[in-house]
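Chain by chain, the residues run as shown.
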Amino acid sequence: MTDFQPSRQQADLADVLELLLDKGIVINADIAVSIGDTELLGVQLRAAIASFETAAKYGLAFPEGTDMDRLAAAVDEPELAESDRPNIPIDATRGVNVTGEDGRIQRDSSTADREHTLDEFEDDDHASPGGEDDGSPKDEGETPRQSATDSQTEDDA
Amino acid sequence: MTDEDRRTTTTAAADHGLDEGRYLYCVVALRGSDAGRERDTGREHDVASFDVAGVDDEPVSIVTSTGERWDGGQTPESVEAGIGAIVHDCEELYDAADPRLLKRWLVQHQRVVDEATAQFDTPIPFQFDTILRGGDGGVGSWLEAESETLRRALDTVAGLCEYRIVVGRTEPIPTAAIVTEDDELAALEPRIDAASEGTAHLLKKQYEQQLDSRRRERDRQLVAGLEERLEPLVATLQPLDRRPSVSLADVSSTTEAGSEDDATGDEVTDDGEPICRYAVLASDDAIDEVGSLLDSVADRDGITVRFTGPWPPYSFVPAFDEDSDEPPRQTEVP
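Calculation rules
Residues numbered from 1 in each chain as written. Chains lettered and ligands numbered in written order. Predicted model: local features only at pLDDT ≥ 70, side-chain atom pairs only at ≥ 80, totals over all residues. Heavy atoms only, no water. Helix = DSSP H or I, 4+ residues; strand = E, 2+ residues; numbered from the N terminus. Buried < 20%, exposed > 50% of the residue type's maximum accessible area, 1.4 Å probe, protein only. Areas by Shrake-Rupley, 256 points an atom, 1.4 Å probe, with all protein chains shown as cover. Core = buried A, V, L, I, M, F, W, Y, C linked by side-chain atoms within 4.5 Å. Domains from an automatic or database assignment. Contact = heavy atoms within 4.5 Å. Pairing = 2+ DSSP bridges. Axes fitted to C-alpha atoms, helices over the stretch in contact; angles between N-to-C directions.

A closer look at the overall build of chain A
Looking only at helices and strands, chain A features seven helices and one strand. Ordering the α and β elements of chain A from the N terminus gives α-β-α-α-α-α-α-α. In chain A, buried positions account for 55% of the 157 residues. When the accessible area of chain A is evaluated, it comes to approximately 7000 Å², of which 47% is carbon and sulfur surface.

Some points on the nonpolar core
The biggest cluster of nonpolar side chains holds 42 residues, and the ones touching the most others in it are Leu21 of chain A together with Tyr25, Phe50, Ile86, Leu102 and Phe128 of chain B. Mapped by element, the contributors of at least two residues to this core are helix 1 (13–22) and helix 2 (43–48) of chain A together with strand 1 (21–30), strand 7 (82–90) and helix 3 (99–120) of chain B. Here this core takes seven residues from helix 3 of chain B, the largest share from any one element. Counting contributing residues per domain, this core is built from domain 1 (18–155) and domain 2 (163–316) of chain B, each supplying no fewer than three. Ignoring any residue separated from it by four or fewer positions in sequence, one finds Leu102 of chain B in contact with Leu21, Leu45 and Ala48 of chain A together with Phe128 and Leu248 of chain B. Among the nonpolar cores identified, the runner-up in size contains 27 residues, and Ile27 of chain A together with Leu143, Ala153 and Phe320 of chain B belong to it.

What about the sheet that holds strand 10 (residues 160–169) of chain B?
Residue and element names in this part refer to chain B. Reading across the sheet, the four strands line up as 11-12-10-13 and stay open at both edges, with antiparallel pairing between neighbours. Of all the strands in the sheet, just strand 11 (236–240) and strand 13 (303–311) have a single pairing partner and so form its edges. In this sheet, adjacent strand axes meet at a mean angle of 20° when their direction is disregarded. Judged from the seven bridges that link them, strand 10 and strand 13 form a sheet pairing that is antiparallel. Bridging across to strand 13, Glu162 finds its partner in Trp311. Each of strand 10, strand 11, strand 12 (273–283) and strand 13 is contacted by helix 8 (residues 197–230), which is oriented at about 5° to strand 12, the strand it contacts most. In the packing of helix 10 (residues 287–298) onto the sheet, the strands contacted are strand 10, strand 12 and strand 13, and the crossing angle to strand 13 comes to about 160°.

Next up, the structure:
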């Protein structure tokens, strides 16, 4: 009848992105983990997603206190360092995907202002347990687990 | 990898309680069957042939509300009618800054949900990177606890798919086309010509403002007309923000710039400035009519229409906000 039919071939990545990253079932409960829980998780994923206005709406924005220099080095995206965030390291990225990415982070951070790597921050945190807790999570009810204390216990065990 | 690294990684996984994680793709309706065959029709059952690689090439399985599990391609002795979730075992959230890797994961996720659609009719899809703790038992308990909501949602979307419609304007409506139908603007033109320089400048500004306002009004009428004719054709019509809520960071500055798949779907260049976007839930039968309608819209000068689908009903899933004080998500179940 008509020659105008829906298609999924024509550069439909825009749709896939929105459908899979912004729609679909989300389980907002302690039994589940999702990219919405980015106070603690999905930090690198968040760097790959560009539209922060909407990201902020869904609690995906960079938490206040994110060290943008370090993040910029970690994701090889120098412009991120120009972003308007205070230069205070937080524990939001601790322990997330430390494997596989270490080499690159190490290399890149050698040219950055700060010499820290993810591992060094781990050490920092251990030296002063809970020291960064006050500054990190701003959105209420968005911290399914506060990893600083948990991991401390794990390490001691 | 040093021992220290290994210990840190293990600790990280334990921190997030994902040692028994199940990555969720979608919830499907299972029909009752014996030995992989449907009881009623004798046709080979869906469960038997469900075999597709998931995100990061992980093998996928089906877990039912009773906590039963079938791995991909496995033919169960019998299948009780009920609901099941397509899952794979995972220990951590999928997290990468590389947009290419993220895209690959998204496509793999989508492929599983597409396969589920082909085998089980329309599923209820999960958002990418939704992981449930507590192994198969955890998945079963969740399915059981939410079974009423899930069944209702599955019934609602049965036989329907999501389609996306974007109407864009590539060229502004020509000034002449507006002025000929607008006495006020037509009257301004000779006044501008006759006025002194200062007055002409002010009048011209007024003229431009009115022109803009008329253009916006025309677009509003176009949108209202489309909505009015679209609504009766589809099961649900959901207006979306004019711009997509999610896009990928520009990857041109990364080390391997220049590859063709780096295009991030920038709609503005190809399809003009979006003037409206919709997610619709519609049956296959309705799509011809929707297509004809969109055809008539796309025929207008300076207008493009993008019509994509069929997609799983990502925009039409129920919300599960058990213990959250966040504002409810923009989801809708008709």
